[in-house]
Amino acid sequence: MAAFKKPSQIPVTIITGFLGSGKTTLVNHILTNTQGLKFAVIENEFGEVGIDDALISLANHTQDDDEQIVEMMNGCICCTVRSDLVRILKKLLLVEKRRFDAIVIETTGLADPAPVAQTFFVDDELSKVCVLDAIVTVVDAKHILQHLDEVKPNGVENEAVEQVAFADRIILNKVDLVNTATLDNIRDRLRALAGAAEIIETQQSQVAIDKIINTQCFSLDRVLEFEPSFLPTKTVDPVTGETIIVDEEHQHDATVSSVSIVLDDAPQWLQGLLRTQGTDLYRYKGVLSVQGVEDAKFVFQGIHMLFSGCFVPVDPSSAIASSTASKFVFIGKHLDRERLQRGFEACVIRPGVTPLRFAVGTKVEALVGMDEDGDDDESVKGRFVRGEVVALWDDGNPYRIRLEQAGIEVWAPVDDDALVRLPVDTR
C-alpha cells in the first residue's frame, strides 16, 4: 500500500454489490492487508442469522484490539436497519471516542447504496468526524448480466443496476469465469451505467488496498447530476432527538426472501437442492460442524449453481471451535422455509440416535474407484472390494475401510449400500 495520509475526518468506504459478488472476500482481503492501519468494519446481513462474521473469523485474520467488527442482521442497511447504522457509528466515534484510520461498511447484496451514502450528509454529528470516501461496487462477472436484465415488479428497483450506477470504483470480480466476448459486453454495460467509475478486474477480490481505501473519489456533484433527489429532507424526532431522514423507503422484491437455520449438529445435504432450485438461489453460505472433524469447519458458499466449499482450520481455543452448531443462509426466490428446514434436519447426524450400520471390525465390501495416490487402479476400479471397517467418523467420513488387497485404506463418504455393504456371501 502507498503511504497513507491521514485525513482530518475518517474516510468511509461503502462496499456494495449483488449477492455473491465477492464483498466479504474483499473485506477479508482488506483485513489481512492492513499494514498497521486500524479499521472499523460494519457487516450487514439480510437474514436473521449471521454468517459473515464467522467467514471473517475463519479467514486467518486475528482481530487486533484496535479493530472493531460489528454485524447488523435481520434487515437491509438501506431501509429497515439504517437507524442502527447511525447509532453504531455514533457509539464508536462519539461515545467511545475510538479512533480508526478508515471505516468499511459492507452492505447486504440487496441494498441500494444511495440511502447508506445519504447518512453521511444528513447527520451533522457524523459528518464532523467522518466523510464518505468512496462507494465500491463488487460485480460478479459470471452472473451480472442476468441480474442487470432482471425485470422487477412495478415500484421495485433493480438493486444490481443501482449498485453499479452509484459506484466510484467497480471491482469486476471472477473475470476468470467468463470468456473474452462476455467480458467485453460486461465492460460496455458497466460503462453505460457508471462511465466515471474506474473498473478494476480481479479474481478472488484481490485488489490493491489504496485503490479502494482513502481514495477521496466520491463526488456529490456527480451523484446529483443523475440523482437530483439524492439529498433527502431531514427532521428531528422530538422525543429521541435523532435525525430522521424523510424519503421514500427502498422496496425489495417481495418474491425474494431469506431462510436461515441453526442446528446443533452437522448436515450432509445440498446437491439435491441445487439441482432443483439452483436458478432461484441468488446466494447461499454456511459454516458446518462435521462429525469426526474436530479441528476444522466446513465452509460453503455459492451463487445459483456455482458452489464451492472446503474445510477451514480453526483455532482450538476459539469460541467457533468449541461450538457444534451449524448455520446457513439461503437468499433467493420462492424459498420454502419449512421444506428447507425438513431437508436440512433429515441429514443431521445425532450420535446415539442415528447410528452407523457397521461397527469397527465388520467385514464389508467397498466400491472403489481410485487407489490411495489418486491414480486409476485397474485391478479394483469400479467394483466392490472386500475389506474391514477400521475407524468410524474418520476425517468427516462415516467409515475408513482397509481393503484386503494390499492393505490399501479407503473412505466411505456416505453410509449407504451404494458405497459400502455387507459381503454378498454373508447376507
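To start, this report covers the structure provided alongside it. The structure presented is a predicted model; accordingly, all values stated were derived computationally and were not measured.

Right, let's get into helix 8 (residues 180-193). Its 14 residues give helix 8 an end-to-end C-alpha distance of 20 Å, which sits within 8% of 20 Å, the value for a rise of 1.5 Å per residue. Inspection of helix 8 places L183, I186, R187 and L190 among the buried residues, and these make up the whole buried set. Burial along helix 8 is one-sided: seen end-on, the buried residues are contained in an arc of 100°. Those residues of helix 8 that are exposed and angled more than 90 degrees off the buried face are A181 and A192. Among the structural elements, strand 5 (130-140), helix 6 (144-148), helix 7 (159-165), strand 6 (169-173) and strand 7 (198-201) are those in contact with the buried residues of helix 8.

For the rest of this paragraph, the subject is unusual backbone geometry. We note that K97 has phi near 55°; this positive angle belongs to a residue other than glycine. Of note, K174 is a non-glycine position whose phi angle comes to about 60°, a positive value. With respect to the helices, strands and loops of the structure, K174 is situated in the loop between strand 6 and helix 8. A relative accessible area of 14% places K174 in the buried class.

Take the pattern of salt bridges next. Going through the model one piece at a time under the given rule, you end up with 18 salt bridges. Across the pair K363 and E388 runs a salt bridge whose closest N-O atoms are separated by 3.0 Å. In this pair, K363 sits in strand 15 (residues 363-368) while E388 sits in strand 16 (residues 383-394), placing the two residues 25 residues apart along the sequence. A relative accessible area of 29% places E388 in the partly exposed class. We note a salt bridge from R386 to E404, for which the minimum N-O separation is 3.9 Å. Remark: E404 occurs in the loop between strand 17 (397-403) and strand 18 (409-412) and R386 occurs in strand 16; sequence separation between them is 18 residues.

Quick notes on the rules
- Per chain, residue numbering runs from 1 following the sequence as it is written.
- Totals for whole chains, interfaces and linings use all residues, but because this is a predicted model, local features are given only for residues with pLDDT of at least 70 and pairs of side-chain atoms are given and counted only at 80 or more.
- Values shown for side chains rest on all heavy atoms present in the structure; no hydrogens or waters enter the calculation.
- The secondary structure listing takes helices from DSSP runs of H or I that are at least 4 residues long and strands from runs of E that are at least 2 residues long, numbered from the N terminus.
- The length a helix should cover is 1.5 Å for every residue beyond the first.
- Think of it in three bands: residues with accessible area under 20% of the maximum for their type are buried, residues over 50% are exposed, and the middle band is partly exposed, with areas taken using a 1.4 Å probe on protein chains only.
- The directions from the helix axis to the C-beta atoms are what the arc is built from.
- By the convention used here, residues are in contact when the closest approach between their heavy atoms is within 4.5 Å.
- For this document, the term salt bridge refers to a Lys or Arg side-chain nitrogen within 4 Å of an Asp or Glu carboxyl oxygen.

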